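A look at the structure
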Amino acid sequence: DITQSCRDSTGMLYTTSSRELAAAIKSGYPNTIASTGGPNTLVTTEWTKEVQDAIRMSATIECAGQCTALRHAVVPESVTKEDVEILFDTTHGAGSATDALKGGQFDCVFEGHAGSATPSLDDGVYTK
């Protein structure tokens, strides 16, 4: 078992898989965090450029909602709504999936997509 043989040198294992595969992996490698469907969540204790890039790219993987797209991000309390809004200022647009692929982009929003409302503290979606 590959996961069993490298358990001592790799630390935590993160996987996106079926529930059955996740259970099989966890039986030999208990330090596994598995995304097995449902909303994908990122939890971070830092607000670095690398974390910001990962959030932006994952949240904008094809705006129709790829199964791997980020749905929730749990970030440090010091992160403000403005920090999150700025994060998406560099998001690219594309006319279609074909245009995005031709442009070498996998993280963009389709032009003309109305999107969803910005979360607010009042609606209970954006919380601190």
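To keep things clear, this report deals only with the structure shown in the data block. For clarity, every value in this text was computed on a predicted model and none was experimentally measured. (Residues numbered from 1 in each chain as written. Predicted model: local features only at pLDDT ≥ 70, side-chain atom pairs only at ≥ 80, totals over all residues. Heavy atoms only, no water.)

Focus on the environment of valine 43
Residue placement: valine 43 occurs in strand S3 (residues 40-43). Using a relative accessible area of 65% as the deciding quantity, one classes valine 43 as exposed. (Helix = DSSP H or I, 4+ residues; strand = E, 2+ residues; numbered from the N terminus. Buried < 20%, exposed > 50% of the residue type's maximum accessible area, 1.4 Å probe, protein only.)

With respect to helix H4 (residues 49-59)
Quick reminder: α-helices carry 3.6 residues per turn. Residues three or four places apart thus point the same way. Buried within H4 we find Val51, Ile55, Arg56 and Ser58. If you follow the buried residues of H4, they end up packed against S3, strand S4 (70-74) and helix H5 (81-87). (Contact = heavy atoms within 4.5 Å.)

Considerations on helix H3 (residues 19-28)
Residues Ala22, Ile25 and Gly28 constitute the buried set of H3. Down the axis of H3, the buried set is contained in an arc of 130 degrees. They therefore lie on one face. Along H3, exposed side chains directed more than 90 degrees from the buried face belong to Arg19, Glu20 and Ser27. (Arc of directions from axis to C-beta.)

Topic: the side chain of arginine 56
Within the secondary structure, arginine 56 is located in helix H4. A relative accessible area of 11% means that arginine 56 is categorised as buried. The residues touching arginine 56, leaving out its near neighbours within four places in the chain, are Leu87, Phe88, Thr90, Thr91 and Asp107.

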